[in-house]
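Chain by chain, the residues:
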Amino acid sequence: MGLLLEYLPWFWLFLMILFTVIEVATFGLTTIWFALGALVMLLLSPLPIPFLWQIFVFLIISAVLLIFTRPIAVKKLKVGREKTNTDSLIGERALVIKDITEFEKGLVKVHGMEWSAQSIDGKPMIKDETCIIKRIEGVTVVVGRCDLEENQVVAPTK
């Protein structure tokens with residue numbers, strides 16, 4: 001048993017490096033928390049804690065880090081979200097070219113392109129009304145009303 005405890009720091013160092021390499025290769029913000037758990041265990045490994053307890057503590061530390069800090073890190077780093085050209089349309093004005101009703105999608109034109117559109121609040125929008133693109137769901141833009149002073153007819157762009 002003494003021999004096992006003697007080599008535990010090397011075991012935790014190996015796991016820390018392994019999890020770090022996997023994280024660098026995937027950048028999914030998953031294995032980094034296990035690498036941090038292994039780092040804590042590397043620091044605790046000189047203490048005379050039985051190996052099974054060390055594994056248990058490692059799993060608890062890694063799980064707590066994964067559950068409570070990963071969502072914050074993903075949000076701050078915007079991991080897993082690739083920006084596309086359509087993201088630039090959010091917040092842009094569009095011109096309704098086919099009425100949008102509560103039950104049917106209509107059409108809007110923005111930057112010379114026609115998009116299938118639905119109202120964000122379900123209220124109808126009529127042809128030649130100006131609206132703002134709030135989000136994009138697949139090939140449909142979800143639009144909202146402009147403020148009254150902004151609701152001016154926009155000439156269609158070609």
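Notes on the structure in this doc start here. (Residues numbered from 1 in each chain as written. Predicted model: local features only at pLDDT ≥ 70, side-chain atom pairs only at ≥ 80, totals over all residues. Heavy atoms only, no water.)

This brings us to the packing of helix 2 (residues 31-44) against helix 3 (residues 51-77). For the pair helix 2 and helix 3, interaxial distance at closest approach is 8 Å and the crossing angle is 140°. Overall, the two elements helix 2 and helix 3 adopt an arrangement that is oblique. Crossing geometry of helix 2 relative to helix 3 is assigned as right-handed. When helix 2 is examined against helix 3, the residues Trp33, Phe34, Leu36, Gly37, Ala38, Val40 and Met41 are found in contact with a partner set consisting of Gln54, Val57, Phe58, Ile61, Ser62, Leu65, Leu66, Thr69, Arg70 and Ala73. Class assignment of the residues belonging to the contact of helix 2 with helix 3 gives a composition of 12 nonpolar, 4 polar and 1 charged. (Axes fitted to C-alpha atoms, helices over the stretch in contact; angles between N-to-C directions. Helix = DSSP H or I, 4+ residues; strand = E, 2+ residues; numbered from the N terminus. Parallel < 35°, antiparallel > 145°, perpendicular 65-115°, else oblique. Left-handed = near helix turned anticlockwise from the far one by under 90°. Contact = heavy atoms within 4.5 Å. Nonpolar A, V, L, I, M, F, W, Y, C, P; charged D, E, K, R; others polar.)

Following the criterion strictly, the structure yields 2 salt bridges and no others. Across the salt bridge formed by arginine 145 and glutamate 129, the nearest N and O atoms sit 2.4 Å from each other. One end of the pair, arginine 145, is in strand 5 (residues 140-145); the other, glutamate 129, is in the loop between strand 3 (113-119) and strand 4 (130-137), with 16 residues separating them in the sequence. The partly exposed category is assigned to arginine 145, whose relative accessible area is 35%. (Salt bridge = Lys/Arg side-chain N within 4 Å of Asp/Glu carboxyl O. Buried < 20%, exposed > 50% of the residue type's maximum accessible area, 1.4 Å probe, protein only.)

With that settled, consider a nonpolar patch on the surface. A surface patch of nonpolar side chains, about 660 Å² in accessible area, is lined by Trp53, Phe56, Ile60, Val64, Ile67 and Phe68. Secondary-structure assignment places phenylalanine 68 in helix 3. Exposure remark for phenylalanine 68: the relative accessible area of 56% places this residue in the exposed category. (Patch = residues over 30% accessible without salt bridge, like charges linked within 9 Å, V, L, I, M, F, W, Y side chains within 5 Å. Areas by Shrake-Rupley, 256 points an atom, 1.4 Å probe, with all protein chains shown as cover.)

It is worth spelling out the packing of aromatic side chains at this point. Taken as a whole, this structure holds 7 aromatic pairs when the rule is applied. For the pair phenylalanine 11 and phenylalanine 51, a centre-to-centre distance of 5.6 Å together with 70° between the ring planes defines the contact as edge-to-face. Here phenylalanine 11 is found in helix 1 (residues 2-26), whereas its partner phenylalanine 51 is found in helix 3, with 40 residues between them in sequence. Of the residues examined, phenylalanine 11 reaches a relative accessible area of 30% and is grouped as partly exposed. (Phe/Tyr/Trp six-rings, centres within 6.5 Å; stacked < 30°, edge-to-face > 60°.)

If you look at the biggest cluster of nonpolar residues, it comprises 13 residues, and the most contacted ones within it are Ile100, Val108, Cys131, Ile133, Val141 and Val143. Only strand 1 (93-98), strand 2 (106-110), strand 3, strand 4 and strand 5 provide two or more residues apiece to this core. Dropping the residues within four chain positions of it, isoleucine 100 is found in contact with Gly106, Val108, Ala117, Gln118, Ser119, Pro124, Met125 and Val143. Membership of the second largest hydrophobic core comes to 9 residues, among which are Met16, Phe19, Ala38 and Met41. (Core = buried A, V, L, I, M, F, W, Y, C linked by side-chain atoms within 4.5 Å.)

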